[in-house]
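# Residue-level structural notes
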Amino acid sequence: EADALGRALEECRNYLLLIANQEMDPKLKAKAGASDIVQQTFLEAQRDFAGFRGDSEPELRLWLRRLLLNNVANFRRHWVETGKRRADREVAIDAGGVAPADPGPTPSREMMADERTRAVHAALDRLPEDYAQVLRLRYIEELPFEEIATRMGRTANAVRKLWARAVEKLEEELESPP
């Protein structure tokens, strides 16, 4: 049913945005943002849902994650590895001696970002310690799963599963008031 699929996809949006933000090349964010890649993933998921062979939410998340990572890789190939469109060949347009507006964050955007950061840290503090630890190691210290596994004394596969559960729990914490 299309409505049920739409609701299921929306429930995965924050999870996919976290992954897309982590995997996107910062140099390419001017071309498209993580939300654009997630939207493309949703379109493909709706188109190809008949081919999905899972029967649980974790299997759906894994399937969507694979679609998302393929889209990130395709996007990167399109803009980085293709001769004429290579992002590193772009040159800023001279605005006739007039400097373009500062692309830096506005005070209101900085305030919203600070509020979001505080909310994430507060939500992390409410998580079980192993959930908070795996999220901090992955997103703050930007460690690969293999290094996290070594630090936590677990296998890389166990850390990936722990991370997936931690992301879900963090989403729940962020959606519910403290």
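It should be emphasised that the depicted structure is a prediction, and the values quoted were computed from it without experimental measurement.

A few words now on the packing of helix α2 (residues 34–48) against helix α3 (residues 57–80). The geometry of α2 relative to α3 is characterised by a closest axis approach of 9 Å and an angle of 125° between their N-to-C directions. The pairing of α2 with α3 is recorded here as oblique in orientation. The way α2 lies across α3 gives a crossing that is right-handed. Side by side, α2 and α3 meet where Ile37, Val38, Gln40, Thr41, Glu44, Ala45 and Asp48 of the first sit next to Trp63, Leu64, Leu67, Leu68, Asn71, Val72 and Phe75 of the second. Among the residues making up the contact of α2 with α3, the classes are represented as nine nonpolar, three polar and two charged.

For α2, which comprises 15 residues, the first-to-last C-alpha distance of 21 Å matches the rise-based estimate of 21 Å (1.5 Å per residue) to within 8%. All of the buried residues in α2 are Ala34, Ile37, Val38, Thr41, Phe42, Glu44 and Ala45. Taken around the axis of α2, the buried residues stretch over an arc of 170°, which confines them to a single face.

Looking at the protein, the pLDDT average stands at 83 and 85% of residues meet or exceed 70. Confidence, expressed as mean pLDDT per element, reaches its minimum in the protein at helix α4 (residues 107–126) with 84 and its maximum at helix α6 (residues 145–152) with 94.

Another aspect to go through is the nonpolar core. Counting residues in each nonpolar core, the largest one holds 43 residues, and the members touching the most others are Leu16, Leu64, Val134, Leu135, Ile148 and Trp163. Elements supplying a minimum of two residues to this core: α1 (2–23), α2, α3, α4, α5 (129–140), α6 and α7 (156–175). Tallying contributions element by element places α3 first for this core, with eight residues. Among all residues touching Leu16, those that are not within four sequence positions of it are Val38, Phe42, Leu64, Arg65 and Leu68.

With respect to the helices and strands, Asn71 occurs in helix α3. Within the local environment of Asn71, its side chain forms a polar contact with the side chain of Glu44, the two groups lying 3.4 Å apart. Leave out the neighbours within four places in its chain, and Asn71 touches Ile37, Gln40, Thr41 and Glu44.

The next point concerns the packing of α4 against α5. In the contact formed by α4 and α5, the axes pass within 9 Å of each other and the chain directions differ by 145°. Where α4 abuts α5, its residues His121, Leu124 and Asp125 lie against Ala132, Leu135, Arg136 and Ile140. Tallied by class, residues from the contact of α4 with α5 come to four nonpolar, one polar and two charged.

Moving on: the packing of aromatic side chains. Each aromatic ring pair is characterised by the separation of its centres together with the angle its planes make. Scanning the entire structure with this criterion turns up six aromatic pairs. Relative to Trp163, the ring of Tyr15 lies with its centre 6.2 Å away and its plane at 45°, an arrangement referred to as tilted. Of the two residues, Tyr15 sits in helix α1 while Trp163 sits in helix α7, which places them 148 residues apart along the sequence. On the basis of relative accessible area, Tyr15 is assigned to the buried category, the value being 3%.

Before going further, it helps to examine the environment of Ala149. By the secondary structure assignment, Ala149 is in helix α6. Linking Ala149 and Val134, residues 15 residues apart in sequence, is a C-alpha distance of 9.0 Å. The contacts of Ala149, once residues within four sequence positions are left out, are Arg154, Thr155, Ala156 and Val159.

Moving on, we come to the pattern of salt bridges. One pass over the structure, following the stated rule, counts 13 salt bridges. Residues Asp48 and Arg47 are paired through a salt bridge, measuring 2.8 Å at the closest nitrogen-oxygen approach. Assessed through its relative accessible area of 29%, Asp48 is described here as partly exposed. Of the charged contacts, one joins Glu172 and Lys169 as a salt bridge, the two residues approaching to 3.8 Å between their closest N and O atoms.

Calculation notes
- Residues numbered from 1 in each chain as written.
- Predicted model: local features only at pLDDT ≥ 70, side-chain atom pairs only at ≥ 80, totals over all residues.
- Heavy atoms only, no water.
- Axes fitted to C-alpha atoms, helices over the stretch in contact; angles between N-to-C directions.
- Helix = DSSP H or I, 4+ residues; strand = E, 2+ residues; numbered from the N terminus.
- Parallel < 35°, antiparallel > 145°, perpendicular 65-115°, else oblique.
- Left-handed = near helix turned anticlockwise from the far one by under 90°.
- Contact = heavy atoms within 4.5 Å.
- Nonpolar A, V, L, I, M, F, W, Y, C, P; charged D, E, K, R; others polar.
- Expected span 1.5 Å × (residues − 1).
- Buried < 20%, exposed > 50% of the residue type's maximum accessible area, 1.4 Å probe, protein only.
- Arc of directions from axis to C-beta.
- pLDDT = per-residue confidence, 0-100.
- Core = buried A, V, L, I, M, F, W, Y, C linked by side-chain atoms within 4.5 Å.
- Polar contact = N/O pair within 3.5 Å; in protein donor to acceptor, adjacent residues only side chain to side chain.
- Phe/Tyr/Trp six-rings, centres within 6.5 Å; stacked < 30°, edge-to-face > 60°.
- Salt bridge = Lys/Arg side-chain N within 4 Å of Asp/Glu carboxyl O.

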